[in-house]
Amino acid sequence: MVDRSGAGHSSWLRGFHESKPDAPRLLCLPHGGGSASFYFGLSKALSPALDVRAAQYPGRQDRSEEPPAESVQELAQGVFHALGELDERPLALFGHSMGAMVGFELARLLETAGRPCAVLFLSGRRGPSVERFENLHQGSDAQLIEEVVKLDGTDAALLRDEELLGMILPTLRADYRAVETYRPTPGPRLRSPFVVLTGDADPRVTPEEARTWSQETDGSFELHVYPGAHFYLVPQRQAVQHRIEATLRRLAPGGGAAA
């Protein structure tokens, strides 16, 4: 494992828009093969009422010269250390797909440190109690590309550009390896509320599998199912935005209960 805990914390976090002073903070965690910029549109929609930040994992975009992480836990540790540079205003986590796994591990680190997250949004991923053998990271480039195309999470033009594809594939394969070899860190159930979101036609997770996240928390639990496949949150961004706003409204000064 590469030790990323000692330097370069600021390289892990991105902020795209200004927020109001003391606005609740939402930290977004990208999917496998994704980057912080995936959340630019959501940040624009939620700002300035929320301070939206997004994690930038190593091995992509402006961090492309760095080796990608070897595990979900390594990604969570990197983000955790970077959060030490920020003030301790209320913090919510939103993770999609691999980002949901990173968010779960990050929430455990935060609780252990005595700073539990206000709410954990888990999108497009089954709970860790649902085991499934997957080894796509050991397959051919063609198989990996076929899977990405099926999930419709990457611009098809990028997959037709051989030079760009050569840059993307090593990080994508590393992300799939991290996901497919993931085993949750042992520990007690979390105390944070869980809000789980998923698409009704997601080929990677059924609504029933998404509901198994309820086994991982002693806090409140909600499941919201939207029309769409694995990347349902792109066409359903406004609905997802409204769900986040309703849930976090209670964190704002003078705010009421979440809807």
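Owing to the predicted nature of the structure, the values given are computational and were not obtained by experimental measurement.

What counts and how
- Residues numbered from 1 in each chain as written.
- Predicted model: local features only at pLDDT ≥ 70, side-chain atom pairs only at ≥ 80, totals over all residues.
- Heavy atoms only, no water.
- Helix = DSSP H or I, 4+ residues; strand = E, 2+ residues; numbered from the N terminus.
- Buried < 20%, exposed > 50% of the residue type's maximum accessible area, 1.4 Å probe, protein only.
- Polar contact = N/O pair within 3.5 Å; in protein donor to acceptor, adjacent residues only side chain to side chain.
- Contact = heavy atoms within 4.5 Å.
- Pairing = 2+ DSSP bridges.
- Right-handed = clockwise from strand over helix to strand, strands pointing away.
- Axes fitted to C-alpha atoms, helices over the stretch in contact; angles between N-to-C directions.
- Expected span 1.5 Å × (residues − 1).
- Core = buried A, V, L, I, M, F, W, Y, C linked by side-chain atoms within 4.5 Å.

**Remarks on the side chain of Thr-217**
Take Thr-217: it is sitting in the loop between α7 (207–211) and β7 (221–226). The buried category is assigned to Thr-217, whose relative accessible area is 2%. A polar contact of 3.3 Å, which involves the side chain of Thr-217, links it to the backbone oxygen of Leu-190. Within the structure, Thr-217 has its side chain in polar contact with the backbone nitrogen of Gly-219 (distance 2.8 Å). Sequence-distant contacts of Thr-217, that is, excluding residues within four places in its chain, are made with Arg-189, Leu-190, Arg-191, Ser-192 and Phe-194.

**Notes on the pairing of strand β5 (residues 119–123)**
Of all five residues making up β5, five are buried, and the element is well covered by its neighbours. Residues Val-119, Phe-121 and Ser-123 of β5 are buried on one face, and the alternating residues Leu-120 and Leu-122, pointing to the opposite face, are buried as well. Where strand β4 (residues 91–96) and β5 come together, five bridges link them in parallel fashion. Note on β5: the bridge partner recorded for Gly-95 is Leu-122. This β-α-β element, β4 to helix α3 (residues 98–112) to β5, shows right-handed connectivity. Sheet topology note: the β5/strand β6 (residues 194–199) ladder contains four bridges and is parallel. Paired with Leu-122 across the two strands is Val-196, which belongs to β6.

**Regarding the sheet that holds β6**
Overall, mixed pairing links the seven strands, which are arranged β1-β3-β2-β4-β5-β6-β7 in an open sheet. On the outer flanks of this sheet lie β1 (13–15) and β7, each paired with one strand and no other. Averaged over all pairs of adjacent strands, the angle between strand axes in this sheet comes to 20°, irrespective of strand direction. Most of the contacts of helix α8 (residues 237–248) go to β5, to which it runs at about 165°, and overall it touches β2 (25–29), β4, β5, β6 and β7.

**Focus: α3**
With 15 residues, α3 should reach 21 Å at 1.5 Å per residue; the first-to-last C-alpha distance of 22 Å fits that figure. Directly beyond the C-terminal end of α3, a positive phi value near 80° is found at Gly-114.

**Notes on the nonpolar core**
Formed by 37 residues in total, the largest nonpolar core has its most connected members in Leu-27, Val-79, Leu-83, Leu-93 and Leu-106. Mapped by element, the contributors of at least two residues to this core are β2, α2 (72–83), β4, α3, β5, α6 (162–180) and β6. Element by element, the count of residues in this core is highest for α3, at eight residues. Setting aside residues up to four positions removed in sequence, Leu-93 forms contacts with Leu-26, Leu-27, Gly-103, Leu-106, Ala-107, Leu-110, Cys-117, Val-119, Leu-120 and Phe-121. In terms of nonpolar packing, the next biggest core, distinct from the first, is built from 29 residues, Leu-26, Ala-92, Tyr-232 and Leu-248 among them.

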